[in-house]
Amino acid sequence: MRSTLRWSWPILALGVVLLVPWGIWEASPSRRLDVVVLDKTVPFENRVEHRSLYWLLDHLKIEKPGGGAYDRDADYLGAFPGPVPGDPPERTGDLTAERARRADLVYLADTYGVYRDDLLSGPAMKASLERSPKIYGGLDPAEAESAREAVLAGKTLVAEFNTLGSPTGEEARAVLEATLGVRWTRWIGRFFPDLSDRAEVPDWMRRDYEREWGRPWDFRGPGYVLLEDDAHCEVLRVGVESPRIGLTIEREEPVDPVLRRADSGAAYPYWFDVVTAEPGARVLASFRWRLEPAGLERLKARGLPERFPAVVRRDAPGGGKAYYFAGDFADNPMPDGRVPFAGYATLRRWLERGKLAPSELAFYWRFYVPMMARLVDDLPRR
């Protein structure tokens, strides 16, 4: 009997540990918000550019205005994969002014688009690394004006990396830059875990480097690549120009409430662009290079800053807010599946702090989730 009781206490304690956060999550009230997400980069059904955002909306118990959870497969605008893998998008939906003004939050997740060779991988669901004719993509001028209308109507707009870049044209870009309070420098960059990996490093990037430098791309191991259109390509190798973590994201002082729980100093692991903030916009967080002297010399030679905006907000006179995330923040490989436990996001944030190299999941839990959770919580109540 005593032996049975001795083993019962740990089981009971484990049950309490699981049941209490589950009960708190179940008892917490849901909230209805009109969230419009535009994602034009959906060649496959995994919807990787926005699925982590929808996971967070579900975890925060955000519901559609008419009730019910948001469906990442249906409740967005942009490209929708065809019924057969490899088919062109079956239907698309663009952002209109009327729809933008009605929303509480307009989120421009990705506008790069769908390209012919993306569809050749079929069930493999792997985007092509080579350039090919565009099927659908880019933010058009009418959509940029619609995003501006949302902010003028007092709503919140969020735009991410590549909304400003190709294939978005100059007219739409100018409208969006004025709305967001940023200016794109045409420089972009990305961290690669292995610079020799042809499944990740595009051939066009290799060609840009070889054309400019006149020598073959023979890099191996992790590193950062910086590009200005097709004209310039710079490689910062971990162990030579960069330490293991060469680029971090830092909160600016005084810390804005929307970033109060986000970790300053988290490693940034993916695509980003170099922008400047315009007068009237506030930089809430910045990317910071932590390079070796050889890497800092390479930045200086290119005229690139050691610190540049990562999260920028421009407040409109009527109460609207426009945020620009200068990185591919919502593109995340996290698995699907609801985790109905209060405090789960905080637990993951703490667990991910031990990562010793750039990690998409670590950035998601340490910076993106606490920032977006607060941003959503600050939206006006219906």
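Structural notes, computed from the coordinates. (Residues numbered from 1 in each chain as written. Predicted model: local features only at pLDDT ≥ 70, side-chain atom pairs only at ≥ 80, totals over all residues. Heavy atoms only, no water.)

**A closer look at the overall build of the protein chain**
Helix and strand counts for the protein chain come out as 9 helices and 18 strands. Here the C-alpha atoms of the protein chain give a radius of gyration of 22 Å, agreeing with the 21 Å that 2.2 N^0.38 yields for 382 residues. Taken over the C-alpha atoms alone, the protein chain extends approximately 80 × 55 × 50 Å along its principal axes. Per-residue burial for the protein chain yields a buried fraction of 50% across its 382 residues. Across the protein chain, every contact between residues at least 6 apart in sequence was considered, and the portion connecting residues at least 24 apart equals 72%. For the protein chain, the exposed area adds up to about 17200 Å²; of that, 56% sits on carbon and sulfur atoms. The distance from the centre of the 54 positive side-chain charges to the centre of the 58 negative ones in the protein chain is 6 Å. (Helix = DSSP H or I, 4+ residues; strand = E, 2+ residues; numbered from the N terminus. Rg over C-alpha atoms; globule rule 2.2 N^0.38 Å. Buried < 20%, exposed > 50% of the residue type's maximum accessible area, 1.4 Å probe, protein only. Contact = heavy atoms within 4.5 Å. Areas by Shrake-Rupley, 256 points an atom, 1.4 Å probe, with all protein chains shown as cover. Lys, Arg positive; Asp, Glu negative; His and termini not counted. Charge placed at Lys NZ, Arg CZ, Asp CG, Glu CD.)

**Observations concerning helix 6 (residues 203-213)**
If you check which residues of helix 6 are buried, you get Trp-204, Met-205, Arg-206, Asp-208 and Tyr-209. Considering only its buried residues, helix 6 is in contact with strand 10 (182-192), strand 11 (223-228) and strand 12 (232-237). Gly-214 sits one or two positions beyond helix 6 and adopts a positive phi of about 70°.

**A few points about the packing of helix 2 (residues 51-59) against helix 9 (residues 360-377)**
At a minimum axis distance of 11 Å, the contact between helix 2 and helix 9 shows a crossing angle of 60°. Here helix 9 runs oblique to helix 2, going by the angle between their axes. As for the relative orientation of helix 2 and helix 9, their crossing is right-handed in sense. From helix 2, Ser-52, Leu-53, Trp-55 and Leu-56 reach across to helix 9, where they touch Tyr-364, Trp-365, Tyr-368, Val-369, Met-372 and Ala-373. (Axes fitted to C-alpha atoms, helices over the stretch in contact; angles between N-to-C directions. Parallel < 35°, antiparallel > 145°, perpendicular 65-115°, else oblique. Left-handed = near helix turned anticlockwise from the far one by under 90°.)

**Details of the sheet that holds strand 10**
Strand order in this open sheet of 4 strands is 12-11-10-15, and the pairing throughout is antiparallel. If you trace the sheet from one side to the other, it starts and ends with strand 12 and strand 15 (272-277), each paired once. Geometrically, the sheet is characterised by an average inter-axis angle of 25° between neighbouring strands, direction not taken into account. Where strand 11 meets strand 12, 6 bridges bridge the pair, whose relative direction is antiparallel. Counterpart to Leu-226 in the pairing with strand 12 is Glu-234. (Pairing = 2+ DSSP bridges.)

**What to know about the pattern of salt bridges**
Taken as a whole and assessed by the stated rule, the structure comprises 39 salt bridges. Linking Arg-173 and Glu-170 is a salt bridge whose minimum nitrogen-to-oxygen distance equals 2.9 Å. One end of the pair is Arg-173 and the other is Glu-170, both in helix 5 (residues 170-180) and 3 residues apart, which spans about a single turn. Taking the relative accessible area as the measure of exposure, Arg-173 reaches 6% and is therefore buried. (Salt bridge = Lys/Arg side-chain N within 4 Å of Asp/Glu carboxyl O.)

**Some points on the pairing of strand 11**
A large share of strand 11 lies buried, amounting to 5 of its 6 residues. Following strand 11, the chain reverses through 3 residues before pairing antiparallel with strand 12; Asp-229 in that reversal takes a positive phi of roughly 50°.

**Looking at the nonpolar core**
Within the largest apolar cluster, 109 residues are counted, with the highest numbers of intra-cluster contacts made by Phe-325, Phe-329 and Tyr-368. When residues in this core are grouped by element, the largest group, 10 residues, is from helix 9. Setting aside residues no more than four positions away along its own chain, Phe-329 makes contact with Glu-160, Ile-249, Tyr-268, Phe-287, Ala-310, Val-311, Phe-363, Phe-367, Tyr-368 and Met-371. (Core = buried A, V, L, I, M, F, W, Y, C linked by side-chain atoms within 4.5 Å.)

**What to know about the packing of aromatic side chains**
Following the criterion strictly, the structure yields 29 aromatic pairs and no others. A ring pair is formed by Tyr-209 and Phe-219, whose centres lie 5.1 Å apart and whose planes are at 75°; its orientation type is edge-to-face. Here Tyr-209, found in helix 6, pairs with Phe-219, found in the loop between helix 6 and strand 11; they are 10 residues apart in sequence, far enough to count as distant. Three or more aromatic residues joined by ring pairs make a cluster, and in this case those are Tyr-107, Phe-191, Tyr-224, Tyr-268, Phe-272, Phe-287, Trp-289, Phe-308, Phe-325, Phe-329, Phe-363 and Phe-367. Of note, Arg-131 hangs over the ring of Trp-204, and the distance from its end group to the ring centre comes to 4.2 Å. Of note, Arg-353 hangs over the ring of Trp-350, and the distance from its end group to the ring centre comes to 4.1 Å. (Phe/Tyr/Trp six-rings, centres within 6.5 Å; stacked < 30°, edge-to-face > 60°. Lys NZ or Arg CZ within 6 Å of the ring centre and 35° of its normal.)

**Observations regarding the sheet that holds strand 9 (residues 156-160)**
Taking strand neighbours across the sheet as the criterion, the 10 strands line up as 5-4-2-6-9-18-17-16-13-14 in an open arrangement whose pairing is mixed. Two strands lie at the open edges of the sheet, namely strand 5 (91-92) and strand 14 (266-267), each paired on one side alone. Bridge analysis of strand 6 (residues 105-110) against strand 9 gives 4 bridges, and the strand direction is parallel. Across the sheet, residue Val-106 finds its bridge partner in strand 9, namely Leu-157.

**Digging into the side chain of Asp-331**
Within the secondary structure, Asp-331 is located in the loop between strand 18 (321-325) and helix 8 (344-351). The side chain of Asp-331 sits in the buried core without any salt bridge; Arg-51 is the nearest counter-charge, 7.2 Å away. Not counting the four nearest positions on each side in its chain, Asp-331 is found in contact with Val-48, Glu-49, Tyr-270 and Glu-360.

None of the figures reported here should be taken as evidence of function without further support.
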